[in-house]
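Residue-level listing of the chains:
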Amino acid sequence: MDHEQSTQLETSSNHDPADHAASLPSLPGLQVTERLSANSQLPPTPSFAQASHRPMTTGSRASRPAAATARGSTLAMELRNVSQSFGTQQVLRNISLEVRRGETLVLIGESGCGKSVTTKLLAGLLNPTQGDVLWEGRPVSDRSPAERRRDRLRLGYLFQGAALFDSMNVFENIAFGLRENTMLNESQIRDIVHERLREVGLPESTARKQPSDLSGGMKKRVGLARALAMSPDIVFYDEPTTGLDPVMSEVINELIEQTQARRQVTSVVVTHDMKTVGRVADRVVMFYPLARLGAGESQLVFEGTQEEVFECEDPRVARFVRGELDPRRNAG
């Protein structure tokens, strides 16, 4: 198991969902400020400011990098000189990364090079060994626990395996965050759950199914419905098409693009799938394994538009894009 997998939040059905509530990313939301402020004695604050509306589109985003740059001129999140180690194993070394408001940022690179760890750092699910994580220009470490919880409600997270509670049906999975973090009544929650199911292309009857009754693609869509249940400003997608057939992968790519267009969200996508890159990316960053880098070499070997990544002449990037073996792998 690589270090990205080892840091995946534990959400297995072998445990009661209540045991995991504290470790789950609080599912972001509707009408949460009154309850959170009453509980934490914090004044309500505005959500991460949202970008201007993007017209609904399909197909490659290669023709729109200039628009994405203009839209993402203000930073929503940032890593500054961040390093992350697990025991003696260093996964990230002196990483600086910007997430621009309103963009779809795609992180690519081999398994185990720190992409998923990076998203968990950005989302406040991990604390960096060194360096700073900033939300809206303010270090997360400067926030009180109550502030961090409140601000994390503005984030949605689709995990690699969807991470559904096997002991809950689909309705209960999607409603979980709404029940925990809002003052909505059951009728309102039901309406939202059904609306989110429709939004990801699933019939309302899916709500009664157990996760074990779902295909891989349906689990991903339910996971996305749960991540969107409380209208987040920023959505993280961790390997959203892994394990899916080409048709279902394209369905998920379409949902990512439609979610960004309809909801005006900032999106961070981790993927190995270059079709996903070509379909959804405004900006691409490629990570490279530390084991095959010299002491002074940057772990981020590419940053640019999705058009530029397909044309990049750096052999490390070009081999990854073409799916070719890196000769430095065995040497590392």
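Since the model is a prediction, treat every value here as computed from it, not as a measurement.

J.: I keep staring at the overall build of the chain and nothing clicks. Help me out?
T.: When its secondary structure is counted, the chain shows 14 helices and 10 strands. Looking at the chain residue by residue over its 332 residues, the buried ones come to 56%. Within the chain, counting contacts between residues at least 6 apart in sequence, those at least 24 apart form 73% of the total.

J.: Which parts of the structure should I look at to understand the sheet that holds strand 4 (residues 130-135)?
T.: By definition, the strands of a sheet pair up through backbone hydrogen bonds, in either a parallel or an antiparallel sense. Pairing within the open sheet is antiparallel, and its 4 strands lie in the order 2-1-4-5. This sheet does not close on itself; its edge strands, each paired only once, are strand 2 (89-100) and strand 5 (138-139). Strand contacts of helix 5 (residues 115-122): strand 1 (75-86), strand 2 and strand 4, with the helix running at about 125 degrees to strand 1, the strand carrying the most contacts.

J.: I would appreciate a short explanation of the side chain of N169 in the present structure.
T.: Relative to the helices and strands, N169 is located in the loop between strand 6 (155-158) and helix 7 (170-181). Residue N169 is classed as buried on the basis of its relative accessible area, which comes to 18%. Setting aside its immediate chain neighbours within four residues, N169 contacts A207, R208, K209, Q210 and P211.

J.: It is not clear to me how unusual backbone geometry should be interpreted in this structure. Could you clarify?
T.: If a residue is not glycine, its phi is most likely negative; likewise, a peptide bond is most likely trans. Unusually for a residue other than glycine, E136 sits at a positive phi of about 55 degrees. Note on placement: E136 falls in the loop between strand 4 and strand 5. The exposure class of E136 is partly exposed, given its relative accessible area of 35%. Within the chain, Q264 stands out as a residue other than glycine whose phi angle is a positive 60 degrees.

J.: What exactly am I supposed to notice about the confidence of the model for the chain here?
T.: Detailed reading of predicted coordinates is not advised where the pLDDT is low. Overall, the predicted model of the chain reaches an average pLDDT of 79, with 76% of residues at or above 70. Throughout residues 62-72 the model reports pLDDT below 50, and contacts reaching past four residues in sequence, or to other chains, amount to 15 contacts.

J.: Whenever I open this one, the side chain of S249 confuses me. Can you help?
T.: Position of S249 among the secondary structure elements: in helix 10 (residues 246-263). Residue class for S249 comes out buried when judged on its relative accessible area of 8%.

J.: I keep staring at the environment of S231 and nothing clicks. Help me out?
T.: Looking at the element boundaries, S231 is found in the loop between helix 9 (216-228) and strand 7 (234-238). The exposure class of S231 is partly exposed, given its relative accessible area of 25%. The spatial distance from the C-alpha of S231 to the C-alpha of L155 is 8.6 Å, given a sequence separation of 76 residues. Polar contacts involving the side chain of S231 include one to the side chain of R196, which spans 3.4 Å.

J.: Would you mind going over the environment of Q258 with me for this structure?
T.: With respect to the helices, strands and loops of the structure, Q258 is situated in helix 10. Judged by its relative accessible area of 17%, Q258 is buried. For the pair Q258 and E199, spaced 59 residues apart in the sequence, the C-alpha separation amounts to 9.3 Å.

Criteria and cut-off values
- Residues numbered from 1 in each chain as written.
- Predicted model: local features only at pLDDT ≥ 70, side-chain atom pairs only at ≥ 80, totals over all residues.
- Heavy atoms only, no water.
- Helix = DSSP H or I, 4+ residues; strand = E, 2+ residues; numbered from the N terminus.
- Buried < 20%, exposed > 50% of the residue type's maximum accessible area, 1.4 Å probe, protein only.
- Contact = heavy atoms within 4.5 Å.
- Pairing = 2+ DSSP bridges.
- Axes fitted to C-alpha atoms, helices over the stretch in contact; angles between N-to-C directions.
- pLDDT = per-residue confidence, 0-100.
- Polar contact = N/O pair within 3.5 Å; in protein donor to acceptor, adjacent residues only side chain to side chain.

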